[in-house]
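Okay, here's what each chain looks like letter by letter:
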Amino acid sequence: MQTEFCKQLGIDVPIFAFTHCRDVVVAVSKAGGIGVLGAVGFSPAKLKEELDWIDAHIGDHIYGVDTAIPQKYEGMDKTSPEELVAMLQDAIPQQHREFVSKLLSDAGVPEWPDQDDEVSLSFSAVQAQLLVDEALTRPKCRMIVNALGTPPDDIIKQVHDSGRLIGALAGRLKHGINHKKAGLDFIVCQGSEGGGHAGEVTSMILWPQMVDAVAPLPVLAAGGIGNGRQILAAMSMGVAGVWMGSMWLNSEEANAEPAQRESYMKATSEDTVRSRSFTGKTARMLKNEWTEAWERADTPDPLPMPLQGYLTFDAVRRTHRYAGSGDCQKVAFNPIGQVVGQINTVESCRDIVFRLLNEYSEALDHVNAITPQG
Ligand SMILES: Cc1cc2nc3c(=O)[nH]c(=O)nc-3n(C[C@H](O)[C@H](O)[C@H](O)COP(=O)(O)O)c2cc1C
């Protein structure tokens, strides 16, 4: 199952694991695939700490780093990070702040303990540049992936000059075509059923269209993959590998809280929704009272990205930190795809990779057995 793209990277199997957890990165890369660390929301210091740990534990294997690298705009160099935070904070209406604060207090979510003013600058070009610079100091980091949109030309050049590959997610055909025009090396094509930011078109429809539209660029199939039968379906459409996010969230190595794990195991594939309520762009997550509250006619509309993210930054960190207390899960941010309905047990990442490969072979045998030979 080693595709040309695997050979180009030097990995054994075309399984790409998107994760925020360094232990998952290491475990999947050691199992023959490749772990890609999601660094959106990390400060440069935090990314350095995580990459130091990965470099010390991953042996001779390689990994990738994913972040959100927005296009640059006129005058951005003149705005300091502090000024940027102040501008964004000023742009958030009081009505929205009060609405969020009521949702959290009604669910009994404890306050953040330290009265720090930390605000994540994720989704800013300033922060993204620092994260890319840090990743490129690491010889074992072999790919940079952009979560949203086509990265700016100078970052594409910087990554290429360093001898690495750069790709980006695409939930619509036109995004993939733009990525190709900009000179990216591969496309991660995410169908609507996937966890996190997701468009409207489902994987079954989008993957083959993308493969044709950006050929000969390698396409990685994302959105809705949790077993080997789904991998075979994707590979049959001409993709160069599979990019999975949801399945690692309940793995042994994941740093999920017990209450989160319980939510994943209880949920069926009908229990997710695409909602703008956390980041301002449609992302798939577990349905709960928070997502429902933002849908009602008498409540404020989510703000555009990145404002909604600044508004909900504190809610996300508090509901994560106190995941098991009170009714936190009713208002927690749990991005995950429809494949959550296939998560019924806790497995190690190594077992997940081996199970996927076995199931893939069995499915292939099945297809061969029903296909007339000669
Ligand atoms: C918890 C979670 C967070 C995600 N955050 C990001 C992100 O920061 N950057 C990104 O490129 N993709 C992100 N995604 C999308 C994944 O990279 C991947 O495309 C998606 O999970 C694939 O679909 P699946 O969930 O059905 O496996 C996230 C997905 C999940 C489940």
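Nothing here was measured: the structure is a model prediction, and the numbers come from that model.

What is the right way to read the environment of G171 from this model?
Relative to the helices and strands, G171 is located in the loop between β5 (165–170) and α8 (173–182). For G171, a relative accessible area of 18% corresponds to the buried category. In the structure, G171 is positioned 105 residues away from D66 in sequence and 16 Å away in space, judged by C-alpha atoms. Residues within four places of G171 in sequence aside, it is in contact with Q190, G199 and L206.

Any chance you could explain the packing of helix α3 (residues 44–57) against helix α6 (residues 125–135) here in plain terms?
Axis angle and axis distance: for two packed helices, these are the angle between their axes and the distance between the axes, and together they describe the pair. Contact pair α3 / α6: the axes reach a minimum separation of 9 Å and the direction vectors enclose 20°. Taken together, the axes of α3 and α6 lie roughly parallel to each other. For α3 against α6, the interelement crossing comes out right-handed. Facing α3, whose interface residues are P44, L47, K48 and L51, α6 presents Q127, L130, L131, E134 and A135. Per-class residue counts for the contact of α3 with α6 are six nonpolar, one polar and two charged.

Would you take a moment to explain unusual backbone geometry for this structure?
Excluding glycine, most residues fall at negative phi; most peptide bonds, likewise, are trans. Following A215, the chain continues to P216 via a peptide bond in cis, the omega torsion being 5°. Inspection of the secondary structure assignment puts P216 in the loop between α9 (203–214) and β8 (219–222). Of the consecutive residues M305 and P306, the connecting peptide bond is found in the cis state with omega at 5°. Here P306 shows up in the loop between α12 (289–293) and α13 (307–321).

What is the right way to look at the site of the ligand in this model?
Not every one of the 19 residues close to the ligand is listed here, only the nearest: D66, Q190, G224, G245 and S246. Separating an oxygen atom of the ligand from a backbone N or O atom of G224 is a distance of 2.8 Å. A total of 600 Å² of accessible area belongs to the ligand in isolation, and the protein chains cover 92% of it. Taken together, the residues that form the shell around the ligand break down as nine nonpolar, nine polar and one charged.

I keep staring at the packing of aromatic side chains and nothing clicks. Help me out?
The description of an aromatic ring pair uses the distance of the two centres, along with the angle that the planes make with each other. Here the structure, examined in full by the defined rule, presents eight aromatic pairs. Aromatic pair F5 and F16: ring centres 5.9 Å apart, planes at 20°, arrangement stacked. Note that F5 is positioned in helix α1 (residues 4–9) and F16 in strand β1 (residues 15–19), a separation of eleven residues in sequence. In this structure, F5 and F16 share a single accessibility class: buried. Centroid distance W290 to W294: 5.9 Å. Interplanar angle 45°. Geometry classified as tilted. Its relative accessible area of 0% is what places W290 among the buried residues. Since its relative accessible area comes to 3%, W294 is described here as buried.

Thresholds applied
Residues numbered from 1 in each chain as written. Predicted model: local features only at pLDDT ≥ 70, side-chain atom pairs only at ≥ 80, totals over all residues. Heavy atoms only, no water. Helix = DSSP H or I, 4+ residues; strand = E, 2+ residues; numbered from the N terminus. Buried < 20%, exposed > 50% of the residue type's maximum accessible area, 1.4 Å probe, protein only. Contact = heavy atoms within 4.5 Å. Axes fitted to C-alpha atoms, helices over the stretch in contact; angles between N-to-C directions. Parallel < 35°, antiparallel > 145°, perpendicular 65-115°, else oblique. Left-handed = near helix turned anticlockwise from the far one by under 90°. Nonpolar A, V, L, I, M, F, W, Y, C, P; charged D, E, K, R; others polar. Near = heavy atom within 4 Å. Polar contact = N/O pair within 3.5 Å; in protein donor to acceptor, adjacent residues only side chain to side chain. Areas by Shrake-Rupley, 256 points an atom, 1.4 Å probe, with all protein chains shown as cover. Phe/Tyr/Trp six-rings, centres within 6.5 Å; stacked < 30°, edge-to-face > 60°.

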